[in-house]
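# A structural walkthrough
Listed below are the residues making up each chain.
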2 protein chains.
Amino acid sequence: MSFLASLLVGCGATFADEGMWLLNHPPLERLKKDYGAQLPGGTLSKEWLLHLQQSSVRFNSGGSGSFVSAKGLVLTNHHVGADSLQKLGDASHNYYRDGFAAATLEDELRCSDLELNVLISIEDVTARIGAAVAPDLSPEDAFVARRAAMASIEKESLAATGLRSDVITLYQGAQYHLYRLKKYTDVRLVFAPEQQIAFFGGDADNFEFPRYNLDICFFRVYENGQPAVVPHHLAWSKQSVAQGELVFVSGHPGHTDRASTLRELTAMRDRQIPFTLGVLNRLEVLLGSFSGEGPEEARQAMGDLFGVQNGRKNREGILAGLLDPNTMARKSQAEQRLRQILAAQATAAGGPPRATPFEKIEQAEDTNAQVALRYNLLEAAVGFNSQYFGNARTILRIADEASKPSGERLREYRDSNRESLEQQLFSEEPIYDAFEAVKLADSLTFLAVSLGHEDPLVKRVLAGQSPRARAAQCVRGTTLGTRAVVAGQASRPDGRKALVAGGKSAVDASDDSMLSLAKIIDMESRSLRKVVETASEIKRQSHAEIAQAEFAAAGAAVYPDATFTLRLAFGTVKGYEQDGQRIPAITTFAGLFQRARAKRDTPPFNLPKRWLDLRPTLEQNEAFLRTPFNFACTADIIGGNSGSPVVSRQGELVGLIFDGNIQSLVLDIAYDDTQARAVSVDAAGIVAALRTVYASQAGAQRVVLEITPQQTAPSSTPR
Amino acid sequence: MSFLASLLVGCGATFADEGMWLLNHPPLERLKKDYGAQLPGGTLSKEWLLHLQQSSVRFNSGGSGSFVSAKGLVLTNHHVGADSLQKLGDASHNYYRDGFAAATLEDELRCSDLELNVLISIEDVTARIGAAVAPDLSPEDAFVARRAAMASIEKESLAATGLRSDVITLYQGAQYHLYRLKKYTDVRLVFAPEQQIAFFGGDADNFEFPRYNLDICFFRVYENGQPAVVPHHLAWSKQSVAQGELVFVSGHPGHTDRASTLRELTAMRDRQIPFTLGVLNRLEVLLGSFSGEGPEEARQAMGDLFGVQNGRKNREGILAGLLDPNTMARKSQAEQRLRQILAAQATAAGGPPRATPFEKIEQAEDTNAQVALRYNLLEAAVGFNSQYFGNARTILRIADEASKPSGERLREYRDSNRESLEQQLFSEEPIYDAFEAVKLADSLTFLAVSLGHEDPLVKRVLAGQSPRARAAQCVRGTTLGTRAVVAGQASRPDGRKALVAGGKSAVDASDDSMLSLAKIIDMESRSLRKVVETASEIKRQSHAEIAQAEFAAAGAAVYPDATFTLRLAFGTVKGYEQDGQRIPAITTFAGLFQRARAKRDTPPFNLPKRWLDLRPTLEQNEAFLRTPFNFACTADIIGGNSGSPVVSRQGELVGLIFDGNIQSLVLDIAYDDTQARAVSVDAAGIVAALRTVYASQAGAQRVVLEITPQQTAPSSTPR
């Protein structure tokens, strides 16, 4: 990225392949200007965009995907499916590690708490929200008024359309859009490869490139017990991507901080990320240690462990960016420019001097800093790490919120979200008591150590016991979850539905141990949340003010920070230089075998048995060896984009996002295309692997026929 | 432990098998009283004690051992030898993982920085130290006077005897003893088994029982290039231990906090251990992640990783004790009693009221709390995690301290310690630059995050670069270590000896990058050390006062807190109850195979190839299967005791301490024999394994012949 461009990052003016664009505001002008020669007529047409939009799928558990057949077949990453793979297993089935292939439709396994969403329409409701929030309201009242307006728009839309309806806050509060989503809750597992090839190189290669990962997983959505017939799905490209090719990514980037002020960035650098890294390091050690107790323990902890390692490497990457004097200097210059624009606007408007939005954000950050530790431990439940506790608190709050109008409730308890909330709460995935006790004991220890043993709340929480003893007691004494059956132990009733049905009186009367724990902290936890929500309202108003100034000054199309809603990114298939070495954009299966040998087939660079057994044969197969496996491109992505389809100008599937390189982690705060790259599995590589390595698996061949109905011969030769 | 006993813990009155006794004050009365019937005449005689004392060996790297042949053969743990095993290896030899066996004397491998000590004599120098420190000196001056007196006694003794001479502070400062030690610096590796059997069960089983670990390693000390002829060594018992048998442990417990006041314990609980755990968690994640990059990286990080995991589990165990309301209540009652004794003595003595030692300790703790973070980051070098940095600082300080009289120098730079210091500084074990850069980058990041990016010292340390860039630069630009040869990179000179020889002017003129880093922080680091040393002097005087009161009131024999000097413990071979289950005292090889199968031979419960190949045969060998492998006893041990010999009443070797169970970790602050157990490898189990499993290894058979010269038949049958 040139120095000029870097000066302007975060100011609305975008260069190169920057941007996570709204589907209703695609970057048409920019693309015509930069890529006009490459664009066929249909690309980015209304129909092209709608087709891509409705072929895209959001995994509510935190990832993206796409329809790849008319019968509701969904392609995503193995690591997006990991949670389901892990939960569907038991002591004798480790689908996460060993993979899964449903030979017939009947063999597809239903996931008990997965919700998939497809974006149907977008409506701008900024004016309606604005009208509901009078400009003279205090931040507390403004927050309440805004929340009520959002809930009422959502409720009305749900009633009118039957679709999940979410009002999304964009540009930190400068715009509000109503997203209507079709929901699929009957989602079944179709195919997953072995974790060892999906995540070849493990934590060591995570966020690195070159890569050699078959990070894929197929699900299918059902309606009324039958495969859903979906109106849009992506055709599988007959050709692999080529170096220099323009590609598009349609997915759900989770969260970015590009509009953050310097003060917000230093708070991330000095307080938030260090705290989070401390928690993640602690958890990684705990989960690693629990995994070491045996293969079944390792299976139970696998999903959490991957998430924690991934999160840790991610935060380290962002922190490295924040500790890089160049990045911070660019941010500082950009902010200087915005401050000047605002000052000029204020001078032009006249009137008495008032606090600038930057100053208001600083005050809000001060407030956050004061309550952050307790907020994280209590409301974010870092001190109460147990699925049972999560269920207990949800049940407690459903009962407490029930008497309020939908718009006045804590936002996740609004009427329009009830179905999704219950889908999670009533999950029937088994919970393992020994694992819960270890996690809860560790987090209660962290609570006691962080707040001090003499803290009155800590004393009430521990009730005169050591954290270990108290955790064991709370896990033993709860019925709020599907307890995994342990040999030699009696099974227990599941108290969740009765308590929710019984409402407040039932919840008040219950002496369930985990519910009692939730009751102990809920008053303080709610009041901390209120403080943080009020600070966030102040920040929202201030950011909206900054964004408006930016719109007015820049006059150019801008995109909002990521919000885990559908966005369109674009970029070029392109390598980069690192430590003086040229890294090519595309890897092949030949590279996979080379890397495994270079690392002496030692974990995490060992191939699954199926691949190892076939290696001598595969190494004779020149066409297979040359097939593209993974590739890098400059598209602007971030966490949440995992599983996003990569499509060609023709709108055909050419790849599947599964990672970004280590240099891409800084994209959280600023775009850069010098080295930052999105990393994808090549669509041709997927088909080649399924056809060749998984040739003996009926379930894999069923998938191949479904995704390439028109293709009769293998298409593993790159152009 | 009975409630009565528990009330008195830490007050000098001891019960059951408590105590880490001084070799010159063995617990004769207590043993006669409790075990009189079991004691043959010779046991604990002067000769018996001297033989045990001079058969015992201290590993200066942090462990214990014993002579087991007249030709200087030393028995210790695999994990005590780990550092040497790791350092002797290279990219094509992984002795730590694969083990080692020297078929002949000539094959024994010399360790480049190992120093072994044997305690020759003890002299009480309390009076001489007391005379040198006038009672009216300020704490600063008292510290300096005491340090000078200690250095001068040591220097005088070294000159007179040629022996390493260390003045040891006992009873927190109530007594000072001069220890004279014979030093061995030519130490060679003789035999080690595979890490997988030495540490079967890995981190999961570490600090647990039942156990099945062949945690052994044999070294040999040399003098003048020949095996040293040692005057004392332990005979290998012909019989295994029996349930209920009285045994003795002679070793070097590293550190305990039993005399700590409540205020010191809460500081451990609320500040020190949480900080340390944060650092250890961070390091464990970093080392685990580095290890994941490949087998060679894993080999380089193995030793550090084991140490960090071990330290983490240890701190967690102590913290669990400190968070246990019962333990703290006992401590509180004990302190109450001591406060009453002191108050009664003060009343009896008359005079104006003055600060109690407890109050003075509180003030010193306040001081420590204020400087702890910076002290840990700078002087304890938590912010500068690199072997190169350690060397650089040692070189800088040797030059700076040279102009002062020995007694006025920082303690480790006194004349009498110079040889040991150089043994470490000039180690020729290879240093791996990529590993150093990763560790230094991580610790510099921690430094910046902990002190804030705007801290003036942080700014000077980072010199306008990101931590990653700065670390890479410092590692590239130093010559202060034996750089491992990397293919394709030119080898570099080693600047250590020239700089030490060149003295202050050479050091001042040097622009070595790591030396420059050390220079940046040394002034502040030294001043922080001075604050901490002064606080420790106040604590020392106060603890001495408490101890004197205790001596006067209790009148009974007491033992001092552990000081990594030779101590005698005793106990009974004994199982315990846990969660309602009876855990037998002794495990067998049959149990090893059962556990591996129960865990499906999955790491860390997988057997090394040699064991796996032989398993079918071994499982037919009833005598082998019944042989005791590991055992638990009530002896009072702690970290540092690893590798200690366990001897019978006859003074023969029956076992080898390698661990304590999880309940034993609380021994750091209070003895308990309800569940706390020391864990040993059975001596008969060692011989059985060497004869049977390692039958084909000439090096193993050479060891067997040397340790059991008188035995012709296998002795693997337990009594």
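The structure under discussion appears in the preceding block.
Residues numbered from 1 in each chain as written. Chains lettered and ligands numbered in written order. Predicted model: local features only at pLDDT ≥ 70, side-chain atom pairs only at ≥ 80, totals over all residues. Heavy atoms only, no water.

### Section: the sheet that holds strand β1 (residues 21-22) of chain A
Residues and elements named next belong to chain A. The strand order across the open sheet formed by 8 strands is β1-β14-β13-β19-β20-β21-β18-β17, and the pairing between neighbours is antiparallel. Edge positions in the sheet fall to β1 and β17 (586-588), since each of these pairs with one other strand and no more. With 3 bridges joining them, strand β19 (residues 645-647) and strand β20 (residues 653-660) adopt antiparallel strand pairing. Its bridge partner being in β20, V647 is matched across the sheet by L653. (Pairing = 2+ DSSP bridges. Helix = DSSP H or I, 4+ residues; strand = E, 2+ residues; numbered from the N terminus.)

### Considering the pattern of salt bridges
Two side chains with opposite charge may pair up if their charged atoms get near one another. Residue and element names in this part refer to chain B. Enumeration according to the criterion identifies 131 salt bridges over all chains in this entry. Salt-bridge contacts for D304 lead to K439; the nearest nitrogen and oxygen are separated by 3.8 Å. Of the two residues, D304 is situated in helix α11 (residues 295-322) and K439 in helix α16 (residues 433-451); the sequence distance between them amounts to 135 residues. With relative accessibility at 7%, the residue K439 sits in the buried group. Salt bridges sharing common partners tie together R147, E379, R393, R397, E401, K404, E412, D522, R526, R529 and E533. (Salt bridge = Lys/Arg side-chain N within 4 Å of Asp/Glu carboxyl O. Buried < 20%, exposed > 50% of the residue type's maximum accessible area, 1.4 Å probe, protein only.)

### Notes on the relation of the copies chain B and chain A
Structural alignment of chain B on chain A gives an RMSD of 0.0 Å, achieved by rotating through 180 degrees and translating 0.0 Å along the axis. The transformation just described matches what one would write down for a two-fold rotation axis. Taking C-alpha positions as reference, the residue of chain B nearest the rotation axis is B:N281, located at 2.8 Å. Both copies present the same face, since 100% of the interface residues in chain B are matched by interface residues at the equivalent positions in chain A. (Least-squares fit on C-alpha atoms with pLDDT ≥ 70 in both. Contact = heavy atoms within 4.5 Å.)

### What to know about the pairing of strand β11 (residues 217-223) of chain B
All names here are of chain B. Taking burial as the measure, the 7 residues of β11 include 6 buried ones, the bulk of the element. Bridging between strand β4 (residues 73-76) and β11 involves 4 bridges; their strand directions are antiparallel. In the sheet register, V74 faces β11, and the bridge partner there is F219. The pairing of strand β10 (residues 186-192) with β11 spans 5 bridges and is classified as antiparallel.

### Here's the deal with the environment of B:D494
All names here are of chain B. Relative to the helices and strands, D494 is located in the loop between α18 (467-476) and α19 (496-509). Taking the C-alpha atoms as reference points, D494 and R610, 116 residues apart in sequence, are found 41 Å from one another. With residues near it in sequence (within four places) discarded, D494 still touches T479, G481 and T482. Of note is the side chain of D494, whose polar atom sits 2.6 Å from the side chain of R496. (Polar contact = N/O pair within 3.5 Å; in protein donor to acceptor, adjacent residues only side chain to side chain.)

### Remarks on the sheet that holds strand β21 (residues 678-682) of chain B
Residue and element names in this part refer to chain B. Taken together, the 8 strands give an open sheet; going across it, the order is β1-β14-β13-β19-β20-β21-β18-β17, and neighbouring strands pair in antiparallel fashion. Sheet topology places β1 (21-22) and β17 (586-588) at the edges, where each strand pairs with a single neighbour. Here 2 bridges tie β17 to strand β18 (residues 628-633), and the two strands are oriented antiparallel to one another. Each bridged residue has a counterpart across the sheet, and for I586 the counterpart in β18 is F631. Against the sheet, helix α24 (residues 683-692) engages β18, β20 (653-660) and β21, with an angle of about 40 degrees to β21. (Axes fitted to C-alpha atoms, helices over the stretch in contact; angles between N-to-C directions.)

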